Protein chains: 2
Amino acid sequence: MQLTRAADYAVRVMIHLATLPPGTRVNRDTLAEAADVPAHFLAKVLQSLGHARLILAHRGISGGFSLAAPPEQISVLRVVEAIEGPIQLNVCLSVGGCGRQGWCPAHLVWAEAQAALTQVLGSASIAKLARESGGRRQDKVVYPWN
Amino acid sequence: MQLTRAADYAVRVMIHLATLPPGTRVNRDTLAEAADVPAHFLAKVLQSLGHARLILAHRGISGGFSLAAPPEQISVLRVVEAIEGPIQLNVCLSVGGCGRQGWCPAHLVWAEAQAALTQVLGSASIAKLARESGGRRQDKVVYPWN
């Protein structure tokens, strides 16, 4: 039960874009460096964010990637789900996933846990995180998974 | 970000054992049937629950598996962690997992989401779920993943 690396990277990318003036276009290499995302991983992450209409890809010399919506309107939950699909903490929570849900006592616990999780992720906006990141980074660090 | 099937099965097994009088020993086949866990999967689940000292394995003709502690003292979280290890919603939440945690705004969101999730799972006791399951099951159902 762990977030995928791609979802973690996607949140970093979105926070970085949200720290910039609205409409700013960032090329792939700069984004990989700024958000500390391995370049070979970034293409897939950007593709998923584009499909979810969270970022726009601009072609040409002045091209690059920009946010597709105001970051105040984008939650961490939305970014995670753009990568992983709708959060389903257990198979039984998917539509038609389990015939037991009418009586299974564990089903209610999984549903409550999922609600608690999505409530936290859904109420954290990318804009807020971008504001909180301002000036806090001291130096470049190396991550064990990069 | 989804619970493993093994953890789901482990919770079912524990709930079933908790519905029985204290000290009741149940053999593997009966447990597989009662908790709707595929027999080939059950051995590994029982082994993990035994290692975590949540169940006891008794040998001999009157052998079988029983709870190792009162179900009031066993939470869903403890059962899940017996199978999956400590819940870490993101790699960055593990000890020494990330050098960014001092300033990364996303780190706080992951930590808060994990706390919300573990609070729900930690406060749901197996005994409570066993009481809630009493008499609610109408008939045998077939699960899509069995």
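Residues numbered from 1 in each chain as written. Chains lettered and ligands numbered in written order. Predicted model: local features only at pLDDT ≥ 70, side-chain atom pairs only at ≥ 80, totals over all residues. Heavy atoms only, no water.

K.L.:
Hey, could you run me through the packing of aromatic side chains in this one?
P.N.:
Residue and element names in this part refer to chain A. Scanning the entire structure with this criterion turns up two aromatic pairs over all chains. When the ring of Y9 is compared with that of F41, the centres are 5.0 Å apart and the planes differ by 75 degrees; the resulting orientation is edge-to-face. Of this pair, Y9 sits in helix α1 (residues 5–18) while F41 sits in helix α3 (residues 39–51), placing them 32 residues apart in sequence. For F41, a relative accessible area of 24% corresponds to the partly exposed category. (Phe/Tyr/Trp six-rings, centres within 6.5 Å; stacked < 30°, edge-to-face > 60°. Helix = DSSP H or I, 4+ residues; strand = E, 2+ residues; numbered from the N terminus. Buried < 20%, exposed > 50% of the residue type's maximum accessible area, 1.4 Å probe, protein only.)

K.L.:
Just to check I follow, could you spell out the packing of helix α5 (residues 105–122) of chain A against helix α6 (residues 126–133) of chain B for this structure?
P.N.:
Between two packed helices, both the angle of their axes relative to each other and the distance between the axes serve to describe the pair. Here α5(A) crosses α6(B) at 125 degrees, and the two axes come no closer than 8 Å. By the angle class used here, α5(A) and α6(B) are oblique. Here P105(A), A106(A) and V109(A) of α5(A) lie close against α6(B), whose contacting residues are L129(B), E132(B) and S133(B). Class assignment for the residues of the contact of α5(A) with α6(B) results in four nonpolar, one polar and one charged. (Axes fitted to C-alpha atoms, helices over the stretch in contact; angles between N-to-C directions. Parallel < 35°, antiparallel > 145°, perpendicular 65-115°, else oblique. Contact = heavy atoms within 4.5 Å. Nonpolar A, V, L, I, M, F, W, Y, C, P; charged D, E, K, R; others polar.)

K.L.:
Can you walk me through the pairing of strand β1 (residues 55–58) of chain B in this structure?
P.N.:
Consecutive side chains along a regular strand alternate between the two faces of the sheet. Residue and element names in this part refer to chain B. Bridge count for β1 against strand β2 (residues 64–67) is four bridges, and the pairing is antiparallel. Residue pairing in the sheet places A57 in a bridge with F65 of β2. Hairpin connection of β1 to β2: five residues between the antiparallel strands, including G60 at a positive phi of 95 degrees. (Pairing = 2+ DSSP bridges.)

K.L.:
Just to check I follow, could you spell out helix α4 (residues 76–84) of chain B for this structure?
P.N.:
Owing to its 3.6 residues per turn, the α-helix aligns residues three or four sequence positions apart on the same side. Those residues of α4(B) not exposed but buried are V76(B), L77(B), V79(B), V80(B) and A82(B). Against the buried residues of α4(B) lie α5 of chain A together with α1 (5–18), α3 (39–51), α5 (105–122) and α6 of chain B. Of the residues flanking the end of α4(B), it is G85(B), one or two places downstream, whose phi is positive at about 85 degrees.

K.L.:
How should the nonpolar core be read in this particular structure?
P.N.:
Soluble globular proteins: nonpolar side chains tend toward being buried together. Counting residues in hydrophobic clusters, the biggest one holds 98 residues, and the most contacted among them are L49(A), V76(A), L121(A), L49(B), V76(B) and L121(B). If sequence neighbours within four positions are ignored, V76(A) has contacts with V11(A), L121(A), A124(A), I126(A), L129(A), V109(B) and W110(B). (Core = buried A, V, L, I, M, F, W, Y, C linked by side-chain atoms within 4.5 Å.)

K.L.:
What's the story with α1(B) in this structure? I'm lost.
P.N.:
Helix length check: α1(B), at 14 residues, gives a terminal C-alpha distance of 20 Å against a target of 20 Å (1.5 Å per residue), a fit within 8%. Among the 14 residues of α1(B), 13 are classified as buried, and the element is accordingly described as predominantly covered. (Expected span 1.5 Å × (residues − 1).)

K.L.:
Would you explain unusual backbone geometry in this entry?
P.N.:
Negative phi is the rule for most residues except glycine; trans is the rule for most peptide bonds. Residues other than glycine seldom take positive phi values, yet D36(B) does so here, at roughly 55 degrees. Its place among the elements puts D36(B) in the loop between α2 (28–34) and α3.

K.L.:
Mind showing me how you'd approach the environment of L3(A) here?
P.N.:
Along the chain, L3(A) falls in the segment before α1. For L3(A), a relative accessible area of 4% corresponds to the buried category. Contact partners of L3(A), with chain neighbours within four places excluded, come to D8(A), V80(A), E84(A), M1(B), L89(B), N90(B) and W110(B).

K.L.:
Just checking my understanding: could you explain the environment of C92(A) for this structure?
P.N.:
Residues and elements named next belong to chain A. With respect to the helices and strands, C92 occurs in the loop between α4 (76–84) and α5. Taking the relative accessible area as the measure of exposure, C92 reaches 6% and is therefore buried. Separated by 15 residues in the primary sequence, C92 and L77 place their C-alpha atoms 20 Å from one another.

K.L.:
Sorry, what's going on with the pattern of salt bridges here?
P.N.:
Any two side chains of opposite charge can pair, given that their charged atoms come close. Residues and elements named next belong to chain B. For the coordinates displayed, the defined rule picks out four salt bridges over all chains. Between R12 and D8 there is a salt bridge, and its shortest N-O distance comes to 3.7 Å. You can see R12 and its partner D8 sitting in helix α1, four residues apart, about one turn around the helix. D8 carries the same exposure label as R12, and that label is buried. Between E132 and K128 there is a salt bridge, with the nearest N and O atoms lying 3.0 Å from each other. A residue pair is termed a helical-turn pair when its members lie 3 or 4 positions apart in one helix, as E132 and K128 do in helix α6 at four residues. For E132, a relative accessible area of 27% corresponds to the partly exposed category. (Salt bridge = Lys/Arg side-chain N within 4 Å of Asp/Glu carboxyl O.)

K.L.:
Hey, could you run me through the confidence of the model for chain A in this one?
P.N.:
Low pLDDT marks regions whose predicted coordinates should not be analysed in detail. All names here are of chain A. The predicted model of chain A averages 88 in pLDDT, with 89% of residues at 70 or higher. Segment residues 137–146: pLDDT under 50, and 27 contacts once partners within four positions in sequence are set aside and those in other chains are kept. Among the prediction metrics, the complex's ipTM stands at 0.86, with pTM recorded as 0.86. (pLDDT = per-residue confidence, 0-100.)

K.L.:
Help me understand the packing of α1(A) against helix α6 (residues 126–133) of chain A, please; the structure alone is not making it clear to me.
P.N.:
Residue and element names in this part refer to chain A. Close contact between α1 and α6 brings their axes to 8 Å; oriented N to C, the two are set at 70 degrees. For the element pair α1 / α6, the angle class is roughly perpendicular. Contact with α1, carried on its side by M14, I15 and A18, involves I126, L129, A130 and S133 of α6 and no other residues of that element.

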